[in-house]
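What follows is each chain in one-letter form.
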Amino acid sequence: MKPDREVAIVAFAQSDHRRRTDDLSEVEMLMPVLHEVLRRTGLKTSDIGFTCSGSSDYLAGRAFSFTMALDGVGAWPPISESHVETDGAWALYEAWVKLLTGEADTALVYSYGKSSPGSVRDVLTRQLDPYYVAPLWPDSVALAALQARALIDAGATDEAALADLAARRRTDAAANPHAQVTGARPQGDHVVAPLRTGDCPPIGDGAAAVILAAGDRARELCGRPAWIRGMDHRIEAHSLGVRDLTDSPSARLAAERAGAFERPVDTAELHAPFTSQEVVLTRALGLGDGVRINPSGGALAANPMMAAGLIRLGEAAAAVHRGDSDRALAHATSGPCLQQNLVAVLEGDPR
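Definitions and limits used
- Residues numbered from 1 in each chain as written.
- Predicted model: local features only at pLDDT ≥ 70, side-chain atom pairs only at ≥ 80, totals over all residues.
- Heavy atoms only, no water.
- Helix = DSSP H or I, 4+ residues; strand = E, 2+ residues; numbered from the N terminus.
- Expected span 1.5 Å × (residues − 1).
- Buried < 20%, exposed > 50% of the residue type's maximum accessible area, 1.4 Å probe, protein only.
- Arc of directions from axis to C-beta.
- Axes fitted to C-alpha atoms, helices over the stretch in contact; angles between N-to-C directions.
- Parallel < 35°, antiparallel > 145°, perpendicular 65-115°, else oblique.
- Left-handed = near helix turned anticlockwise from the far one by under 90°.
- Contact = heavy atoms within 4.5 Å.
- Domains from an automatic or database assignment.
- Buried area = accessible area lost by both parts, 1.4 Å probe.
- Pairing = 2+ DSSP bridges.
- Phe/Tyr/Trp six-rings, centres within 6.5 Å; stacked < 30°, edge-to-face > 60°.
- Lys NZ or Arg CZ within 6 Å of the ring centre and 35° of its normal.
- Salt bridge = Lys/Arg side-chain N within 4 Å of Asp/Glu carboxyl O.
- Core = buried A, V, L, I, M, F, W, Y, C linked by side-chain atoms within 4.5 Å.

**Details of helix 1 (residues 26–41)**
Here comes step 1: When the terminal C-alpha atoms of helix 1 are compared, their 24 Å separation across 16 residues agrees well with the 22 Å that a helix rising 1.5 Å per residue should span.
Here comes step 2: The complete set of buried residues in helix 1 reads Glu26, Val27, Met29, Leu30, Val33, Leu34, Val37, Leu38 and Thr41. Take helix 1 and look down its axis: the buried residues cluster within an arc of 150°, on one side only.
Here comes step 3: Positive backbone phi, at 80°, marks Gly42, one or two positions downstream of helix 1.

**A few points about the packing of helix 1 against helix 3 (residues 66–73)**
Here comes step 1: Following both chains from N to C, one finds helix 1 and helix 3 inclined at 40°, their axes separated by 9 Å at the closest point. Considering the angle they form, helix 1 stands oblique to helix 3. As for the relative orientation of helix 1 and helix 3, their crossing is right-handed in sense. Touching Val27, Leu30, Met31 and Leu34 of helix 1 are Met68, Ala69, Asp71, Gly72 and Val73, all from helix 3.

**Some remarks on the domain arrangement of the protein**
It is common to report an interface's size as the accessible area lost on association of the parts.
Here comes step 1: If you check the domain split of the protein, you get domain 1 (7–117 + 202–221) and domain 2 (120–198 + 228–347).
Here comes step 2: Averaged C-alpha coordinates put domain 1 and domain 2 at centres separated by 22 Å.
Here comes step 3: On the domain 2 side, the residues contacting the 41 residues of domain 1 number 42 residues.
Here comes step 4: For the pair domain 1 and domain 2, the summed buried surface comes to about 3000 Å²; carbon and sulfur atoms form 68% of the total.
Here comes step 5: If you sort the residues of domain 1 by the area they bury against domain 2, His17, Trp90 and Pro202 come out on top, with a joint share of 24%.

**Brief notes about the environment of Met68**
Here comes step 1: Position of Met68 relative to the elements: it lies in helix 3.
Here comes step 2: Owing to a relative accessible area of 40%, Met68 belongs among the partly exposed residues under this scheme.
Here comes step 3: The spatial distance from the C-alpha of Met68 to the C-alpha of Val27 is 7.1 Å, given a sequence separation of 41 residues.
Here comes step 4: Not counting residues within four places of it along the chain, the set of residues in contact with Met68 comprises Val27 and Arg62.

**A word on the sheet that holds strand 4 (residues 106–114)**
Here comes step 1: Reading across the sheet, the ten strands line up as 3-2-4-7-1-8-12-11-9-10 and stay open at both edges, with mixed pairing between neighbours. If you trace the sheet from one side to the other, it starts and ends with strand 3 (81–84) and strand 10 (292–293), each paired once.
Here comes step 2: Packed onto the sheet, helix 4 (residues 88–100) meets strand 1 (7–14), strand 2 (50–54), strand 3, strand 4, strand 7 (205–214), strand 8 (226–235), strand 11 (327–334) and strand 12 (340–347) and runs at close to 120° relative to strand 8.

**So, the packing of aromatic side chains**
Each aromatic ring pair is described using two quantities: the centre-to-centre distance and the angle formed by the ring planes.
Here comes step 1: Taken as a whole, this structure holds one aromatic pair when the rule is applied.
Here comes step 2: One Lys or Arg, Arg126, reaches over the ring of Trp137 and ends 3.9 Å from the middle of that ring.

**Focus on the pattern of salt bridges**
Here comes step 1: Summed over all chains, the structure comprises 27 salt bridges.
Here comes step 2: Between Arg18 and Asp23 there is a salt bridge, with its nearest N and O atoms 3.1 Å apart.
Here comes step 3: With a closest N to O distance of 2.6 Å, Arg169 and Glu278 form a salt bridge. With a gap of 109 residues between them, Arg169 in helix 7 (residues 159–172) and Glu278 in helix 10 (residues 275–284) connect regions that are remote in the sequence. Accessibility classification places Arg169 together with Glu278 in one group, the buried group.
Here comes step 4: Through salt bridges with shared partners, one network takes in Glu6, Asp216, Arg219, Arg229, Arg263, Arg327 and Glu347.

**Some remarks on the nonpolar core**
Here comes step 1: Judged by nonpolar contacts, the single largest core of 39 residues is most densely connected at Ile9, Leu92, Trp96, Leu212, Ile228 and Met231.
Here comes step 2: In terms of residues, this core owes the most to one element, helix 4, which gives nine residues.
Here comes step 3: Residue contributions to this core reach at least three from each of two domains, namely domain 1 (7–117 + 202–221) and domain 2 (120–198 + 228–347).
Here comes step 4: Membership of the second largest hydrophobic core comes to 27 residues, among which are Ala13, Leu34, Ala209 and Trp227.

**Considering the environment of Gly88**
Here comes step 1: Positionally, Gly88 belongs in helix 4.
Here comes step 2: Overall, Gly88 belongs to the buried group, its relative accessible area being 0%.
Here comes step 3: For the pair Gly88 and His233, spaced 145 residues apart in sequence, the C-alpha separation works out to 13 Å.
Here comes step 4: Residues within four places of Gly88 in sequence aside, it is in contact with Gly54, Val109, Ser111, Met306 and Leu310.

Spelled out as structure tokens, the structure:
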């Protein structure tokens, strides 16, 4: 989907991602992030035309938990608000469409997740096919290991290459003050072969928020807006048995529809929680040696559930804001083995 109206990400903020936040509720974790993203634009809550959030009641362990987060936004006087039960990247997509229709000129998008209270590996089994797969309780790491094994058997990578990739990403994360895990470290023992501890994302809590604005309003709020030139999302078959786990046709198609292949990108923020998934995405999206991949460290450095995808869009936008990127690709995923994929292309004004 390509826009007829110019819409840009004009501000991005995120929390410091931590292994545990037992001392904070979701609202307390989220509020400083909301205050920071509004501060960067000078906007007040009353200036926002549309608000959209992403989170998961399964992580919180209670129904309609997202309504409590609205205490941090301020829902009175009444606001135009929506919620998606998935990563905040899809909330950004909904807000983007809202602005394209002309129903609003600004939007606040936020997402958050606390994985620390329970076993996230067990929780994620509930997103699988309820008849044939979920009753077997294959967790997220075991399924990612199946994908990694398929890549190794196909000759696309090996354990040493995956270890080198993990070291590069966490070394890059040393420059990211919000990252949870930084610096190269030993890969550790196998969690589920062939994936070792270093090939897997950290479990942690965190939140993120962005502000979107359209046209001249975006230029008023940001010195160099990150214009969303295209965005699309696609999904693979639900059954893992009918998919080629060494490829991601849905990510490739989303990138094509978003216009990513029209001109080269210089930066890519890929939502790849496992090293093997970055291999799949790099190949599927045709990212060459000249592309900076996950300069923030990516999900291997911080992977707050339901916020990590939105963070990829925010980090890509921030690179455009700073002048570190002129044309960036941002990717978000949800589901096992890269089942759902969203791709956006962001550009800055010519310098």
